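Per-entry structural report
So the chains spell out like this:
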Amino acid sequence: MLAPVTPGQRIGLAIVFSWFCLGGIAHFVWPATFASIIPPALPLKMPAVFITGAFELAGAIGILLPRYRRAAGLGLVALTVCVTPANVYMWWHADDFPHVPESLLLLRLPLQVLLIACILWSTQPAGSRRHRMS
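Now for a description of the structure that goes with this document. The structure presented is a predicted model; accordingly, all values stated were derived computationally and were not measured.

Procedures and definitions
- Residues numbered from 1 in each chain as written.
- Predicted model: local features only at pLDDT ≥ 70, side-chain atom pairs only at ≥ 80, totals over all residues.
- Heavy atoms only, no water.
- Patch = residues over 30% accessible without salt bridge, like charges linked within 9 Å, V, L, I, M, F, W, Y side chains within 5 Å.
- Areas by Shrake-Rupley, 256 points an atom, 1.4 Å probe, with all protein chains shown as cover.
- Salt bridge = Lys/Arg side-chain N within 4 Å of Asp/Glu carboxyl O.
- Helix = DSSP H or I, 4+ residues; strand = E, 2+ residues; numbered from the N terminus.
- Core = buried A, V, L, I, M, F, W, Y, C linked by side-chain atoms within 4.5 Å.
- Buried < 20%, exposed > 50% of the residue type's maximum accessible area, 1.4 Å probe, protein only.
- Expected span 1.5 Å × (residues − 1).
- Contact = heavy atoms within 4.5 Å.
- Axes fitted to C-alpha atoms, helices over the stretch in contact; angles between N-to-C directions.
- Parallel < 35°, antiparallel > 145°, perpendicular 65-115°, else oblique.
- Left-handed = near helix turned anticlockwise from the far one by under 90°.
- Nonpolar A, V, L, I, M, F, W, Y, C, P; charged D, E, K, R; others polar.
- 1 Å grid on protein atoms, 1.4 Å probe; cavity = no way out; pocket = protein on both sides within 12 Å on 5 of 7 lines; lining within 4 Å.
- Points joined across faces, edges and corners; volume = space filled by probe spheres on them.

Comments concerning a nonpolar patch on the surface
Residues Ile-61, Leu-64, Leu-65 and Tyr-68 make up a contiguous nonpolar surface patch of about 390 Å² in total accessible area. Along the chain, the position of Leu-65 falls in the loop between α3 (45–64) and α4 (69–82).

Written as structure tokens, this is what we have:
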């Protein structure tokens, strides 16, 4: 039997689902925008955009399925870590992205840490936590 999620985890799952579902869709709607933030040294920008978008959508769907929730959550953590160089590149080259305030580009990095924490917390079985968070 699958462990139920707490009400707090449901909120976390909703946040994670929304973030990655909308982000995944955006990869297919505005692929050139996402390709523009990939560091120049990395090849195959458009395939990378579509692959990461597909992984975001798969992870979002996966966390909705209790049987796959934990694996999908770990996959989303790995994906979040893998896209960090693009976010750092965007911050270091803020002049190339004048439509986004530099302060938001910097804020994005600690928000990624919070997103990873939210993913890990909300996708673990309720009975496996040492400390209740909700």
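Read on for the rest.
Re the nonpolar core
Core analysis: the largest hydrophobic core is formed by 15 residues, its most contacted members being Val-16, Phe-20, Ile-63, Leu-76 and Ile-119. Elements with a minimum of two residues in this core: α1 (7–29), α3, α4 and α6 (102–123). One finds Ile-37, Ala-86, Met-90 and Phe-97 within the second-largest nonpolar core, a separate group that totals 7 residues.

With respect to α4
Across its 14 residues, α4 extends 20 Å between first and last C-alpha, which sits within 8% of the 20 Å expected from 1.5 Å per residue. Buried residues along α4 sit in contact with α1, α3, α5 (84–92) and α6.

Quick look at the environment of Leu-115
Among the secondary structure elements, Leu-115 is positioned in helix α6. C-alpha of Leu-115 to C-alpha of Leu-76: the two residues are 39 residues apart in sequence and 9.7 Å apart in space. Residues contacting Leu-115, with those up to four places away along its chain left out, are Trp-19, Phe-20 and Thr-80.

Section: the packing of α1 against α6
Two elements in contact, α1 and α6, have axes whose closest approach is 9 Å; the angle formed by their N-to-C orientations is 130°. Comparing the axis directions of α1 and α6 gives the class oblique. In this structure, the crossing between α1 and α6 has a hand that is left-handed. Contacts between α1 and α6 involve Gly-8, Gln-9, Gly-12, Leu-13, Val-16, Trp-19 and Phe-20 on the former and, on the latter, Leu-115, Cys-118, Ile-119, Trp-121, Ser-122 and Thr-123. Here the contact of α1 with α6 is composed, by residue class, of 8 nonpolar, 5 polar and no charged.

Let's talk about the environment of Ile-25
Note that Ile-25 resides in helix α1. Along the backbone, Ile-25 and Lys-45 are 20 residues apart, and their C-alpha atoms lie at a distance of 17 Å.

Re α3
Taking 1.5 Å of rise per residue, 20 residues should cover 28 Å, and α3 covers 29 Å from first to last C-alpha, within 8% of that figure. Among the residues of α3, those classed as buried are Val-49, Thr-52, Gly-53, Glu-56, Gly-59, Ala-60, Gly-62 and Ile-63. Tucked into the core, α3 has its buried residues touching α1, α2 (31–36), α4 and α6.

As for the layout of surface pockets
Taken as a whole, the largest pocket spans an internal volume of roughly 940 Å³. If you go around the largest pocket, you meet 39 residues; those closest to its centre are Phe-34, Ile-37, Val-83, Asn-87 and Arg-108. Where the lining of the largest pocket is concerned, the elements lending two or more residues are α1, α2, α3, α4, α5 and α6. For the lining of the largest pocket, the element with the most residues is α6, which contributes 7 residues.

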